[in-house]
Amino acid sequence: MGTKNNKQDKQPDKKVVKKNDSPNWLLSFIKKNIVSVLLVLALIVILIWFSAKNSENNRQFEKEKTSLIATYESEKDSLQIVNLEAAAKIFSWSVRSELLRNNTENLNQLVNAFVKESGADLVQLIDPETNKIILSSDKKFEGSEYAQKIDFGLKEPHTLKEDGGIKIITPVMGLNTALGILIIQINN
């Protein structure tokens, strides 16, 4: 019977030793393969660092991209305005020539062609004495009074930026007086 007790006593001891042996086994594995373990840890740290750096670079790229797009749009809009101002000035010379000849049919064709080619949404010619719309690309406005106040002493083209778009106001000058006020409206 004594031998049975010894065998039973030894078996639980072996199980306890095996349980205590697991952490020692991991520790002994790390000690035996210290270089490999350090390389794996270094690789993990490098991967984490590169992924953090990559996300920071992506955020910076998006910020710069947004800034460049905004700058581009702003410059594009200001160039478009400058081009339309020049076109409006030259167009006013054509309008002047047709007004002096009293050729309203050709003037209507000029206005329609200008609207198609320039991208303007509305072109109106206003009589400076009566404040009435003489000619409009939208015929429903013709003959009605212009709703907004315009400085009729205007000698140079002016550009007004409004919420709804841009208005280019150009005087159509005769020899001594203004024959009309040309308003070109471009909506956003």
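Just above sits the structure.
Described below are features of the structure shown in this document. (Residues numbered from 1 in each chain as written. Predicted model: local features only at pLDDT ≥ 70, side-chain atom pairs only at ≥ 80, totals over all residues. Heavy atoms only, no water.)

**Concerning the overall build of the chain**
Point 1. Within the chain, the regular secondary structure consists of 3 helices and 5 strands.
Point 2. Secondary structure elements in the chain, listed N-terminal to C-terminal, are α-α-α-β-β-β-β-β.
Point 3. The long-range share in the chain, meaning contacts at least 24 apart out of those at least 6 apart in sequence, stands at 42%.
Point 4. With an accessible surface of roughly 14000 Å², the chain has 57% of that area assigned to carbon and sulfur atoms. (Helix = DSSP H or I, 4+ residues; strand = E, 2+ residues; numbered from the N terminus. Contact = heavy atoms within 4.5 Å. Areas by Shrake-Rupley, 256 points an atom, 1.4 Å probe, with all protein chains shown as cover.)

**Concerning the packing of aromatic side chains**
Point 1. Under the criterion given, the structure shown has 3 aromatic pairs.
Point 2. Ring geometry for tryptophan 25 versus phenylalanine 29: centroids 6.1 Å apart, planes at 20°, classification stacked. A residue pair is termed a helical-turn pair when its members lie 3 or 4 positions apart in one helix, as tryptophan 25 and phenylalanine 29 do in helix 1 (residues 2–32) at 4 residues.
Point 3. Under the relative-accessibility criterion, tryptophan 25 is labelled exposed at 58%.
Point 4. With relative accessibility at 41%, the residue phenylalanine 29 sits in the partly exposed group. (Phe/Tyr/Trp six-rings, centres within 6.5 Å; stacked < 30°, edge-to-face > 60°. Buried < 20%, exposed > 50% of the residue type's maximum accessible area, 1.4 Å probe, protein only.)

**Topic: the pairing of strand 3 (residues 158–162)**
Side-chain positions along a regular strand alternate between the two faces of the sheet.
Point 1. Bridge count between strand 3 and strand 4 (residues 165–173): 5 bridges; the pairing is antiparallel. Note that in strand 4 the partner of threonine 159 across the bridge is isoleucine 168.
Point 2. Joining the antiparallel neighbours strand 3 and strand 4 is a turn of 2 residues. (Pairing = 2+ DSSP bridges.)

**Observations concerning helix 2 (residues 34–101)**
Point 1. For helix 2, built from 68 residues, the straight-helix expectation of 100 Å at 1.5 Å per residue is met to within 8% by its first-to-last C-alpha distance of 99 Å.
Point 2. If you check which residues of helix 2 are buried, you get Ile81, Leu84, Ala88, Phe91, Ser92, Val95 and Glu98.
Point 3. At its buried positions, helix 2 is contacted by helix 3 (104–118), strand 1 (122–126), strand 3, strand 4 and strand 5 (178–187).
Point 4. Just downstream of helix 2 lies asparagine 102, where phi reads positive at about 60°. (Expected span 1.5 Å × (residues − 1).)

**Focus: the sheet that holds strand 4**
Point 1. Strand order in the open sheet made by the 5 strands is 2-1-5-4-3, with antiparallel pairing throughout. The open sheet is flanked by strand 2 (133–136) and strand 3, the only strands paired with a single partner. Averaged over neighbouring strand pairs, the angle between their axes works out to 20° when direction is ignored.
Point 2. Lying over the sheet, helix 2 contacts strand 1, strand 3, strand 4 and strand 5, oriented at roughly 35° with respect to strand 4.
Point 3. On top of the sheet, helix 3 reaches strand 1, strand 2 and strand 5; it is set at about 145° to strand 1, its chief contact. (Axes fitted to C-alpha atoms, helices over the stretch in contact; angles between N-to-C directions.)

**A look at the nonpolar core**
Point 1. Ranked by size, the top nonpolar core spans 19 residues in total, and within it Phe91, Val123, Leu125, Ile168, Leu182 and Ile184 carry the most contacts.
Point 2. Counting residues per element, the ones that place at least two in this core are helix 2, helix 3, strand 1, strand 4 and strand 5.
Point 3. Among the elements that make up this core, the one with the highest residue count is helix 2 (5 residues).
Point 4. When near neighbours in sequence (up to four residues on either side) are disregarded, isoleucine 184 contacts Ala88, Phe114, Ala120, Leu122, Val123, Ile166, Lys167 and Ile168.
Point 5. Counting residues in hydrophobic clusters, the runner-up holds 8 residues, among them Tyr146, Ile150, Ile181 and Ile183. (Core = buried A, V, L, I, M, F, W, Y, C linked by side-chain atoms within 4.5 Å.)

**Notes on the pattern of salt bridges**
Point 1. Taken as a whole, this structure holds 2 salt bridges when the rule is applied.
Point 2. Across the pair lysine 139 and glutamate 142 runs a salt bridge, and its minimum N-O distance is 3.0 Å.
Point 3. Assessed through its relative accessible area of 41%, lysine 139 is described here as partly exposed.
Point 4. Take glutamate 142: its relative accessible area is 31%, and that puts it in the partly exposed class. (Salt bridge = Lys/Arg side-chain N within 4 Å of Asp/Glu carboxyl O.)

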